[in-house]
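Given next are the chains, with one letter for each unit.
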Amino acid sequence: MNAAAVAASPDHAADRLTSLWALIDRSTLYGVDAHWRTAWRVANRGFPGKGSALCSSDPLTTLIDSIVSEHRIEDLPVETVIVATDLLVGQPKLLRWGPLALALQATMATPGMLSPIQIDGITYVDGAISANVPIRQALAAGAKSIIVLDANPSQMPGFVPPTPWEAVVQATRVMMTNQLAGALDDLANHHPVMRLPKPTPPALSPFDFSQTADLVEAGFNSTKQFLGDFEDLADTNRSI
C-alpha cells in the first residue's frame, strides 16, 4: 500500500502516506478486536466461514478501496512491482500487472489473520513471509540501485518474551532480520544499496498503532540527518 501511494503521486507521497498511516489501526485492518478465549478457539478449530483466517478481510478491503483510485498496477504513473508469497510453493512472486486492489490484498494477507487471496489460480499471502525487504525482487524487476527502509525495530528488545504471543512476534523478527542480512550479503559490492536508519523502538508490537505520529516524526528526523551526510547525492550530474 505504501508503494501504491508513492507511485500514484510521487511529488505528494510524504503527505499522502502520513494521512494514510493516521487512518490505520487494528479496527481498520482487522475489524473488532477478538478476545483471547475466542482467538484460542479459532486458532485450534478455525472460524466458521473463514477457513484459516482469524479476521474478516472486509475492513482491509474497505481501507484499500478508500485509498486506491487506480484500477490496475500498470495504471500507476510510476512502474510498480508488488511482492506476494505463493503459499503453495513458498516463493515470492512479482505482481506487475492486473487489479491493484487485489494485489494489495494479497501482499497484506497475514497468515492466520487474513484469508489468502486467489489471483489467476495462484494462492497468495503476505509478501513479507518470503521477502520482507524484497531487494532481489527489485533488481529482478529492473532496479539499478536500491534505497532500503526496513520498518522492523532497530534492534531486538533485549529480554526473553514473557508471553507466547510476544515469543511468536520476536521469532518472526529474527527470521526477517536474517532474511534481509542474507540478501544484503549476496548483493554486497555488486549493486549500490543505501539503507535508511530504522527509528522503530525495539519493544513496539507490530499491532500497536498508538505511536504513529511519533514514528512519522522520528523517521523524518533520522532520515533527514542521515541524508545530510550524503550531500553529493543532490548533484544532478552524478550518476549511479
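You'll find the structure just up there.
Residues numbered from 1 in each chain as written. Predicted model: local features only at pLDDT ≥ 70, side-chain atom pairs only at ≥ 80, totals over all residues. Heavy atoms only, no water.

Caption draft 1: Representation of the sheet that holds strand 3 (residues 117-119) in the model. Here four strands make up an open sheet; going across it, the order is 2-1-4-3 and the pairing antiparallel. Two strands lie at the open edges of the sheet, namely strand 2 (91-95) and strand 3, each paired on one side alone. Averaged over all pairs of adjacent strands, the angle between their axes in this sheet comes to 50°, without regard to strand direction. (Pairing = 2+ DSSP bridges. Helix = DSSP H or I, 4+ residues; strand = E, 2+ residues; numbered from the N terminus. Axes fitted to C-alpha atoms, helices over the stretch in contact; angles between N-to-C directions.)

Caption draft 2: Seen up close, the pairing of strand 2. Of the strand pairs in this sheet, strand 1 (residues 82-86) and strand 2 are connected by five bridges, and their pairing is antiparallel. Bridge pairing in strand 2 links alanine 84 to lysine 93. Between the antiparallel neighbours strand 1 and strand 2 lie four residues, among them glycine 90 with a positive phi of about 70°.

Caption draft 3: Looking closely at helix 10 (residues 212-227). Taking 1.5 Å of rise per residue, the 16 residues of helix 10 would be expected to cover 22 Å, and the 22 Å separating its terminal C-alpha atoms lies within 8% of that figure. Buried residues in helix 10 make contact with helix 2 (13-23). (Expected span 1.5 Å × (residues − 1). Contact = heavy atoms within 4.5 Å.)

Caption draft 4: Structural view of the pairing of strand 4 (residues 122-125). Here strand 1 runs beside strand 4; their pairing, made up of two bridges, is antiparallel. Residue pairing in the sheet places aspartate 86 in a bridge with tyrosine 124 of strand 4. In terms of strand pairing, strand 3 meets strand 4 through three bridges, oriented antiparallel. Looking across to strand 4, one finds that glutamine 118 is bridged to threonine 123. Between the end of strand 3 and the start of strand 4, which pair antiparallel, lie two residues, with aspartate 120 showing a positive phi angle near 50°.

Caption draft 5: Summary view of the packing of helix 5 (residues 58-67) against helix 6 (residues 100-107). At a minimum axis separation of 10 Å, helix 5 and helix 6 run at an interaxial angle of 135°. Overall, the two elements helix 5 and helix 6 adopt an arrangement that is oblique. Handedness of the helix 5/helix 6 crossing: right-handed. Taken together, the residues of helix 6 that come into contact with helix 5 (itself represented by Thr61, Ile64 and Asp65) are Ala101, Leu104 and Gln105. Here the residues of the contact of helix 5 with helix 6 are counted per class, giving three nonpolar, two polar and one charged. (Parallel < 35°, antiparallel > 145°, perpendicular 65-115°, else oblique. Left-handed = near helix turned anticlockwise from the far one by under 90°. Nonpolar A, V, L, I, M, F, W, Y, C, P; charged D, E, K, R; others polar.)

Caption draft 6: Examining the side chain of aspartate 126 more closely. Tracing the backbone shows aspartate 126 in the loop between strand 4 and helix 7 (128-131). Take aspartate 126: its relative accessible area is 16%, and that puts it in the buried class. Sequence-distant contacts of aspartate 126, that is, excluding residues within four places in its chain, are made with Thr85, Ala106, Thr107, Ala109, Thr110 and Pro111. (Buried < 20%, exposed > 50% of the residue type's maximum accessible area, 1.4 Å probe, protein only.)

Caption draft 7: Examining the pattern of salt bridges more closely. Overall, the coordinates contain four salt bridges when judged by the stated rule. Here lysine 198 makes a salt bridge to aspartate 150, at a shortest N to O gap of 3.4 Å. Residue lysine 198 is located in the loop between strand 6 (193-195) and helix 10, and its partner aspartate 150 is located in the loop between strand 5 (146-148) and helix 9 (164-187); the two are separated by 48 residues in the primary sequence. Judged by its relative accessible area of 4%, aspartate 150 falls in the buried class. (Salt bridge = Lys/Arg side-chain N within 4 Å of Asp/Glu carboxyl O.)

Caption draft 8: The arrangement of the environment of glutamate 166 in detail. Tracing the backbone through its elements, the reader meets glutamate 166 in helix 9. Between the C-alpha atom of glutamate 166 and that of serine 205, which follows or precedes it by 39 residues, the distance is 8.2 Å.

Caption draft 9: A look at the nonpolar core. With 34 residues, the main nonpolar core has Met1, Ile64, Leu95 and Leu100 as its most contacted residues. Broken down by secondary-structure element, the contributors of at least two residues to this core are helix 1 (2-8), helix 2, helix 3 (26-30), helix 5, strand 1, helix 6 and strand 3. Top element by residues in this core is helix 6. It accounts for five residues. Aside from chain neighbours lying at most four places away, what touches leucine 95 is Ile73, Thr80, Val81, Ile82, Ala84, Ala103, Ile119 and Tyr124. If you look at the next biggest cluster of nonpolar residues, it comprises eight residues, including Ile135, Leu139, Ile146 and Leu180. (Core = buried A, V, L, I, M, F, W, Y, C linked by side-chain atoms within 4.5 Å.)

Caption draft 10: Looking closely at the environment of leucine 149. Structurally, leucine 149 can be placed in the loop between strand 5 and helix 9. As a C-alpha pair, leucine 149 and valine 133 span 16 residues in sequence and 8.0 Å in three-dimensional space. Excluding residues that lie within four positions of it along the chain, leucine 149 makes contacts with Leu196 and Pro197.

Caption draft 11: The arrangement of a nonpolar patch on the surface in detail. On the surface, Leu87, Leu88 and Val89 cluster together to form a nonpolar patch covering roughly 320 Å² of accessible area. Examined against the element boundaries, leucine 88 turns out to sit in the loop between strand 1 and strand 2. (Patch = residues over 30% accessible without salt bridge, like charges linked within 9 Å, V, L, I, M, F, W, Y side chains within 5 Å. Areas by Shrake-Rupley, 256 points an atom, 1.4 Å probe, with all protein chains shown as cover.)

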